[in-house]
Amino acid sequence: MFSRIAKRAAILAAVSALAVGLGSAPSSAAGEHVFTPQHPSYNGNDPRGNFSAQIKYSNGKLQWGWQLSAATAAPATGLMNETANLTCNGHRVAHDSHPGVSPRYFVHASSALGGHMTSCKWDLKIHETFPIARGTRTVDLDFPFIVTLV
């Protein structure tokens with residue numbers, strides 16, 4: 001039989017592992033996604049919403065979209081504000097914003113990756129806020145990726 005201390009330690013370890021897993025995994029993927037000509041698109045779901053992205057190799061563009069799940073958006077009492085920033089090696093190369101849209105709006109944009117398409121550690125960060133009954137809900141999405149030609 002387990003002692004009380006051993007039981008408490010096991011419960012704390014399980015709760016800590018769950019908290020780390022929830023806090024560290026972005027909606028898009030755990031870690032950095034790699035786009036290749038053979039696999040130029042990505043689609044990921046989590047309880048907060050659905051994220052999709054694709055690289056158009058023919059013109060060097062990133063196209064992406066993000067929509068909150070019905071459960072995440074349900075508590076909204078007003079319109080949502082969204083901003084997104086795309087960075088290349090930490091330097092912002094594109095900015096997008098959708099002020100005053102429904103929390104169920106499919107936020108989407110495209111950005112030219114330019115001549116640095118395959119030489120960057122890219123990061124797309126999306127930040128959304130909307131009012132709820134007792135304050136504000138914030139949803140952040142971080143999608144780090146690289147683009148290869150192989």
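All of these numbers come straight from a predicted model, not from anything done at the bench. (Residues numbered from 1 in each chain as written. Predicted model: local features only at pLDDT ≥ 70, side-chain atom pairs only at ≥ 80, totals over all residues. Heavy atoms only, no water.)

Novice: Lay out the overall build of the protein with the relevant residues and their values.
Specialist: Each helix and strand counted, the protein has two helices and nine strands in total. Helices and strands in the protein line up, N terminus first, as α-β-β-β-β-α-β-β-β-β-β. For the protein, the proportion of its 150 residues judged to be buried stands at 34%. Long-range pairs, those at least 24 residues apart, make up 56% of the contacts in the protein between residues at least 6 apart in sequence. Put simply, the protein shows about 8,800 Å² of open surface, and 59% of that area lies on carbon and sulfur atoms. (Helix = DSSP H or I, 4+ residues; strand = E, 2+ residues; numbered from the N terminus. Buried < 20%, exposed > 50% of the residue type's maximum accessible area, 1.4 Å probe, protein only. Contact = heavy atoms within 4.5 Å. Areas by Shrake-Rupley, 256 points an atom, 1.4 Å probe, with all protein chains shown as cover.)

Novice: Summarise unusual backbone geometry; cite the residues concerned and give the values.
Specialist: Positive phi values are uncommon outside glycine, yet Asn89 reaches one of about 50°. Summarising the element assignment, Asn89 is placed in the loop between β5 (80–88) and β6 (91–101). Classification of Asn89 by relative accessible area gives partly exposed; the value is 45%.

Novice: Report on the sheet that holds strand β1 (residues 33–35), specifying residues and quantitative values.
Specialist: The five strands lie next to each other as β1-β9-β8-β5-β6, forming an open sheet whose pairing is mixed. At either margin of the open sheet sits one strand with a lone partner, and together these are β1 and β6. On average, each strand axis in the sheet is inclined to that of its neighbour by 20°, with strand direction left out of account. Relative to strand β9 (residues 135–147), β1 runs parallel, the two sharing three bridges. Across the sheet, the residue bridging to His33 is Phe145, located in β9. (Pairing = 2+ DSSP bridges. Axes fitted to C-alpha atoms, helices over the stretch in contact; angles between N-to-C directions.)

Novice: Describe the packing of aromatic side chains, naming the residues involved and giving the relevant values.
Specialist: Overall, the coordinates contain seven aromatic pairs when judged by the stated rule. Ring geometry for Phe51 and Phe143: centres 4.7 Å apart, planes at 50°, overall tilted. Linking Phe51 in strand β3 (residues 49–56) with Phe143 in strand β9, this pair joins segments that are 92 residues apart in sequence. Grouping aromatic residues by their ring pairs yields a cluster made of Phe35, Tyr42, Phe51, Trp122, Phe143 and Phe145. (Phe/Tyr/Trp six-rings, centres within 6.5 Å; stacked < 30°, edge-to-face > 60°.)

Novice: With reference to specific residues and values, describe the environment of Ala84.
Specialist: With respect to the helices and strands, Ala84 occurs in strand β5. Spatially, the C-alpha atoms of Ala84 and Ala94 are 8.2 Å apart, while their sequence positions differ by 10 residues. For Ala84, the contacting residues outside a window of four places in its chain are Trp64, Ala94, His95, Asp96, Leu124, Lys125 and Ile126.

Novice: I'd like to hear about the nonpolar core, residue by residue, with values.
Specialist: Counting residues in hydrophobic clusters, the biggest one holds 30 residues, and the most contacted among them are Phe51, Trp64 and Phe145. When contributions to this core are tallied by element, the ones reaching two or more residues are β3, β4 (61–68), β5, β6, β7 (107–112), β8 (122–132) and β9. Among the elements that make up this core, the one with the highest residue count is β9 (five residues). (Core = buried A, V, L, I, M, F, W, Y, C linked by side-chain atoms within 4.5 Å.)

Novice: Provide a residue-level description of the state of the cysteines, including the pertinent values.
Specialist: Going through the model one piece at a time under the given rule, you end up with one disulfide. One disulfide bridge connects Cys88 with Cys120, the sulfur atoms lying 1.7 Å from each other. With the S-S dihedral at roughly -55°, the linkage between Cys88 and Cys120 falls on the left-handed side. Of this pair, Cys88 sits in strand β5 while Cys120 sits in the loop between β7 and β8, and the two are 32 residues apart along the sequence. (Disulfide = S-S within 2.5 Å.)

Novice: Outline the side chain of Ser69, supporting the account with residue identities and numerical values.
Specialist: The residue Ser69 is located in the loop between β4 and α2 (70–73) in this model. Here Pro47 takes part through its backbone oxygen, which lies 2.8 Å from a polar atom of the side chain of Ser69. Ignoring any residue separated from it by four or fewer positions in sequence, one finds Ser69 in contact with Pro47, Arg48, Gly49 and Arg104. (Polar contact = N/O pair within 3.5 Å; in protein donor to acceptor, adjacent residues only side chain to side chain.)

Fair warning: the whole summary comes from geometry, so function is off the table for now.
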